[in-house]
Amino acid sequence: VGSMLVQMSKLLGLSPIVGVVGRTSKVEAAKALGCDVVIDKETTENMWEAAEAAAPQGYQTIMDANGVSTLMESYNHLNSTGRVIVF
C-alpha cells in the first residue's frame with residue numbers, strides 16, 4: 001500500500017514525499033518509487049524529529065499505516081489545513 005501511495009503522491013505533484021521504512025534494505029526502493037526523503041526507522045533515533053526536519057512547516061497530508069501508536073504524532077506534524085489518512 002505504501003508503494004502505491006508514494007507513486008500516486010508523485011503523480012499528483014505532492015511535495016515533499018517522505019517515506020518511512022522499517023529496514024535499511026528498503027531505502028533505495030522507496031527513493032526509486034519517488035520519495036524525496038526516506039526515514040529509516042532502523043537507523044534513525046527519532047523518526048518524528050527527522051519528519052519535522054523534512055517539512056518544518058508541517059505536512060499537508062500524512063498517510064498513517066500504524067494507527068494508534070503514531071496517530072497523535074501524526075496530528076502534531078500537520079500544517080494548519082492538513083489531513084491524516086489512516087489505512
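Bear in mind the structure is a predicted one, so any value in this text is a computation, not a measurement.

Here we come to the side chain of Thr70. Here Thr70 lies in the loop between strand S3 (59-64) and helix H4 (71-76). By relative accessible area, which is 11% here, Thr70 ends up buried. Contact partners of Thr70, with chain neighbours within four places excluded, come to Met47, Trp48 and Asp64.

Together, Val1, Met4, Met8, Leu12, Leu14, Met63, Ile85 and Phe87 line one region of the surface with nonpolar side chains, adding up to about 760 Å² of accessible area. Mapped onto the elements, Phe87 comes out in the segment after strand S4 (78-86). Phe87 gets classed as partly exposed once you look at its relative accessible area, which sits at 40%.

In the case of a regular strand, side chains alternate between the two sheet surfaces. Pairing of S3 with S4, which is carried by five bridges, proceeds in the parallel orientation. Bridge pairing in S4 links Ile62 to Val84. Handedness of the crossover joining S3 and S4 through H4: right-handed.

Cut-offs used in this document
Residues numbered from 1 in each chain as written. Predicted model: local features only at pLDDT ≥ 70, side-chain atom pairs only at ≥ 80, totals over all residues. Heavy atoms only, no water. Helix = DSSP H or I, 4+ residues; strand = E, 2+ residues; numbered from the N terminus. Buried < 20%, exposed > 50% of the residue type's maximum accessible area, 1.4 Å probe, protein only. Contact = heavy atoms within 4.5 Å. Patch = residues over 30% accessible without salt bridge, like charges linked within 9 Å, V, L, I, M, F, W, Y side chains within 5 Å. Areas by Shrake-Rupley, 256 points an atom, 1.4 Å probe, with all protein chains shown as cover. Salt bridge = Lys/Arg side-chain N within 4 Å of Asp/Glu carboxyl O. Pairing = 2+ DSSP bridges. Right-handed = clockwise from strand over helix to strand, strands pointing away.

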